[in-house]
Each structure stands twice: as C-alpha cells, then as structure tokens.
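Geometric and topological summary
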Amino acid sequence: MHDKLSGTSLPKPSFLSAFAAAIVLALVHQYLFYGHALGVSLPIFVILFYTYMYVYNRDRIQLDSWMGRLLFAVVVLLSLTYVLFDNPVLYVLNALALPALISVHMVMLLGEKRHSWSEPGIIGQALSHLFYQNLRHIVTPFRMFKTAALRNVKDERKRVLGKVIVGLLIALPLLFIIISLLASADGMFEKLLSGIPSWIGTLSFGSGMLRLIWTCFFTFCFFCYLWGFVQPAPRNMEREVQSWHGLDERTNGQTAEYDGHSSVMINKSAVPYHEPVAIKFDPVITATVLIVMNLVYVVFVVLQFGYLFGAWEGALPEGTSYAEYARRGFGELVMVTGINFVLMISVLKWTEFGSNLLLKMNNGLLYVLVGCSGVMLYSGYTRLVMYEEAYGYTYTRYLVHAFMIFLGLLLLIAAVRIHVRQLPLAKYYIVLALVAYVVVNYVGIDVRIAENNLERYRTTSVIDKEYLSGLSADAIPLLIEFSRKEHGAMDEFLQARLTSMTREETAWPAFNWAEYRAQRKLHDYILE
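Here the structure is a predicted model, which means the values were calculated and not measured. Here, residues in each chain are numbered from 1, in the same order as that chain's written sequence. Restriction of local features to residues with pLDDT of at least 70 applies here, the model being predicted, together with a cutoff of 80 or more for giving and counting side-chain atom pairs; totals for whole chains, interfaces and linings are based on all residues. Side-chain calculation: all heavy atoms of the structure are included, whereas hydrogens and water are not.

So, unusual backbone geometry
Under the convention used in this document: Only runs of H or I of at least four residues qualify as helices and only runs of E of at least two qualify as strands under DSSP, and these elements are numbered from the N terminus. Only protein chains enter the area calculation, which uses a 1.4 Å probe; residues under 20% of their type maximum are buried, those over 50% are exposed, and those in between are partly exposed.
In this model, Ser-461 sits at a positive phi of 60°, which is unusual for a non-glycine residue. Structurally, the position occupied by Ser-461 is in the loop between α19 (445-460) and α20 (465-469). Given a relative accessible area of 58%, Ser-461 falls into the exposed group. With phi around 60°, His-487 is a residue other than glycine that occupies positive phi space. Mapped onto the elements, His-487 comes out in the loop between α21 (476-485) and α22 (491-502).

Written as structure tokens, this is what we have:
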C-alpha cells in the first residue's frame, strides 16, 4: 500500500514503527547521556543508532564499498576510546570528529551517490541531510498521526476533530508544566492534588521535565534524520524551481518561470550558459617560481648541514645553547614546510604541461622541493627533540611530533605522485588522515609522555612531579611503579589523585576502563 501523502512506497506501519523506534532511541539516549560523562555509553549508542538507520533503510543501503567499511571501523574505534582511555584532549576532538564522520558515512551508505567519497561535495551532501533534509520532515510525524486518526472519520468532521487534536497536543505539555510549577509553589494546591495519583503532587520543573524535553527533542532529530534518507528532497531541480518560483505550465514545454517579483516571464533557454573556468597554471611561470624558491632552499639546506647533523655531538652555532638552538626557528621551519606542501600540490593538480621538456623540468624541480622540505622537516624534528630533552615532554610537543611525522608521510605520497600522475592523491590523503588519527588515539599519549619524562629523570635527575600527577588515568600505573621504586617520590600526589577519583561519578553509563584500573591500583598501592 502506497502513502500518497509522503510520496514513498513504504507501508503505513513503517511510519509508525520508525517513529516509535525513534522514541525508544531517544529514551535510551537520555538514559545514557543525561547527567553522565561519556563512557561505555557512547559505543553502545553508536551501535544502536546504526541499527536504527539500517533497519529502516536496508532496501537502499550500500555495503559494497571498502571505504564504507573502513569508515565504520574508524567510528567504532573512536567511540571505544571513551571506554579504553582517559584523554581529555582527544575526548574533545573525538566529540567533534564522530558526528562528522557518522554523517559522511550515512551519506555513503544511504545517500543518492551524487559524489564520490573523495570529493568535497560529499561534505555538502552530509550537511544537507543534517540540516535541510532534517528540517523538511519536522511536520511529517504530525501529518502521519493526523492521517491515521482521521482515516475512518467522515469528511465533515475531520477538520473539527483535527483542530481539537492540535489544540490538545499544544495544551498538554503546557498543562503539565503549569501544574508542576503550581504544585511546587503552593502547598494547598499540592494538597488538593493529593486525591489524584500521588506522583502528580510531587512534580517539579526539574530533572524529570528536562528529561522529557530532551527525549522529545531527540525523537524528532532521529526520526527526521532517518526520513531525510527514506524520502529525500527531489533531485530534479526543475521541480524545485516550479514549486518555489512558479513555473508556467502553459508554455508548451518551454522552460520559463516568474522572477518572483513581477509578472514578467523569464525564458531560461535565452539565458547564455557559461562553462566554469578551469584553473590552470602556465608551466613556464611554474618553473620560474620553483627555480627561485629552490635556490633559496638549497642555500638554507647547505648551511643546515654544517651543524644540523652534528648538533648531537655539540657542533652548534657559536654562542648558541641546546635550548636556544632547539627553540629558535622551529615554528618557522614547520610553516615553510607546510607552504611547500601546498605549493607542490597546487603544481601537481593545476599545471598544464605543454611539452615533455617542461614536464621533466618541473618534475625535477618538484623533487628538489620535496628533498629540501624533507631536510627542513627533519631539522624541525631534531630541534623539537632537543628542546624536549632540555625542558621535558608535554601534550603539545607530543602532538607536534605526530603532526610532523604525518606531514612527512604526505610529502612522500606527493613525491610518488610526481612520477605517477594517475595516483588519486585525495583518496590516499583521506585514508592516511583517518588511519593516523586513530593511531594517535590508540598510541597512549599520556603513557608515552610519562615514560619519556621518567627516562629524562634517570639521566638528568630533573622531574616535574606536579605536571606528571596531572596526566590522565592512563599514566597512573606507570607513576605508581615509579613512586614505588623511588621510595614514595609521588605518594603525595597519588594520594590526592585517589581522593579526587573516589568523588567522581560511578554510574555504569560513564564507565571507563582506564579510570577503573587506575583507581584499583591506587587503592591497592596506598593501602600497602
């Protein structure tokens, strides 16, 4: 049976069951997340959300894409970090990354396949489903229930009954709020309500009401997002023009429309069409730019070799300490490497080579650019290592290490692209970025920072106990072992950490393995 109102071929019970499932999903959402920190609740909800989207879209889902499977693995692994690790910095980044990745993945699985996963247009399609397609279906549940309620009612009574139902839907939430507020404000009114079931007299505009609002809001969010894929906006833009601008059906098939402000007709066939301008760089100009920049880079690299690779043996510029050498110019070197990377990608993508000689010349210049960029990146890396040996290891410095390694891998792929022109650069970069981000989440940043700082202590006898005590629960077992070997060097900080952890939330939706393990080990160590 077809639903003429919605324009979809799904049977009517599918509408009701999808909305009922959205209510259940919203109830689970508020139970897992309202008033709780993120923990085991997040991967549980991610699986439930994917199940909800799959059940009502299984006839149109596309599961044959390896990129789709990779993206699903990335989503699951990132959600599991809230259970396995305790890293506040990555928690914030993952909270931003997960909704974006899930939105893109849903478009890949359920969308109309307008864009490849490596094209920027897929981001616009994901945003369209998050906002435009979502907002289109806000009224769909009301139409659905109105149709079901008036199915067996005579035509002359439908309008009156429909208005009564709308009035009740508006009045009931207001009545619930007003009664709860009055019951909380006046004892006599509360006593008057004692004849009604006792739970009404205890209503207050507090947690229960906020949970109800939370559930209602996310019910519509989940259902409308689902229905944006079940019944997306028409792909034929002429239909949208007809509905919005008033396409004249009396033009015998000619494309003509109103301008929206007057009765003047616009003949679209008379409007000239211009091809989009393609961005192309002249190969001679490109070669000139590369030659000038490479001359500067080669001179810089030659000077760097004088003390870059001898810095570990003390061959530093005269009057320069290790710390000054490491700190000076580090940011500039990384920035220049980034500029070179953008320049190289621009040349590879938008330069049109007219002859084989110019192609070979530009390729050679690009290889020189890659080599100089690699030396500068290595120089920046060694400066950072020396700076860490002098001042210790921190979050920021560790993440900069990771970024420099990532940038080096991007340069290597770009170098391969110089020789293999058919290499899909965007696809390789997207896959590398996803894998690198998951690796950063699972490498255990806090543990690595603690290990490096403790190793530095063994060689320099310098340690920042306060900074180490502020690391996440991931590093607690390592600090306990260090304190045990160093005759209680960290006991004061570990005792304070145990006190603070015992005050934290213990509800199961917020369960985190790293915190649980750290608290158990702290408790056993303090009681020794």
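Some points on the packing of helix α2 (residues 41-55) against helix α3 (residues 66-84)
Cut-off, in case you're wondering: A fitted line through C-alpha atoms represents every axis, and for helices the fit uses only the stretch in contact; the resulting angles, taken between N-to-C directions, go from 0 to 180 degrees. Orientation categories follow fixed angle ranges, with anything under 35 degrees roughly parallel, anything over 145 roughly antiparallel, 65 to 115 roughly perpendicular, and all other angles oblique. Any two residues having at least one pair of non-hydrogen atoms within 4.5 Å are treated as being in contact. As a working rule, the residues Ala, Val, Leu, Ile, Met, Phe, Trp, Tyr, Cys and Pro are called nonpolar, Asp, Glu, Lys and Arg charged, and the rest polar, with Gly in that last group.
Between α2 and α3, the shortest axis-to-axis distance is 8 Å and the interhelical angle comes to 150°. One finds that α2 runs roughly antiparallel with respect to α3. Residues Leu-42, Pro-43, Val-46, Ile-47 and Tyr-50 of α2 form the contact with α3, whose own contacting residues are Phe-72, Val-75, Ser-79, Leu-80, Tyr-82 and Val-83. By residue class, the composition of the contact of α2 with α3 is 10 nonpolar, 1 polar and no charged.

Points about the environment of Val-370
Considering the arrangement of structural elements, one finds Val-370 in helix α16 (residues 356-391). Separated by 26 residues in the primary sequence, Val-370 and Met-344 have C-alpha atoms spaced 8.2 Å apart. Each residue touching Val-370, except ones within four places of it in the same chain, is listed here: Met-344, Leu-411, Ala-415 and Ile-418.

Side note on the packing of aromatic side chains
By convention here, two paired aromatic rings are described through the distance between centres and the angle between planes. Heads up, the rule is: Centres within 6.5 Å are what make two rings of Phe, Tyr or Trp a pair, Trp counting through its six-membered ring; a difference in plane orientation under 30 degrees is then read as stacked, over 60 as edge-to-face, and the rest as tilted.
Per the counting criterion, the structure on display carries 25 aromatic pairs. Between Phe-33 and Phe-45 the ring centres are 5.6 Å apart and the planes differ by 80°, which places this aromatic pair in the edge-to-face class. Taken as a pair, Phe-33 in helix α1 (residues 12-33) and Phe-45 in helix α2 lie far apart in primary sequence, 12 residues in all. Here the two residues Phe-33 and Phe-45 agree in accessibility, since each one is buried. Seen in terms of ring centroids, Phe-85 and Tyr-442 are 5.2 Å apart; in terms of plane orientation they differ by 85°. Their pairing is edge-to-face. Of the two residues, Phe-85 is situated in the loop between α3 and α4 (88-110) and Tyr-442 in helix α18 (residues 425-442); the sequence distance between them amounts to 357 residues. On the basis of relative accessibility, which here comes to 17%, the residue Phe-85 falls in the buried class.

What to know about the state of the cysteines
Simply put, the disulfide is a covalent bond whose two ends are the sulfur atoms of two cysteines. Condition: Pairs of cysteine sulfur atoms within 2.5 Å are identified as disulfides in what follows.
Using the criterion set out here, one finds 0 disulfides in the structure. Lacking any disulfide linkage, Cys-221 is separated from the closest cysteine sulfur, that of Cys-224, by 7.4 Å. Classification of Cys-221 by relative accessible area gives partly exposed; the value is 24%.

Re the confidence of the model for the protein
Basically, it comes down to this: Known as pLDDT, the predictor's confidence for each residue is given on a scale from 0 to 100.
Residues of the protein with pLDDT of at least 70 account for 74%, and the chain-wide mean is 79. Segment residues 237-271: pLDDT under 50, and 36 contacts once partners within four positions in sequence are set aside and those in other chains are kept. With pLDDT under 50 throughout, residues 273-277 is counted as low confidence; its partners more than four residues away or in other chains account for 0 contacts.

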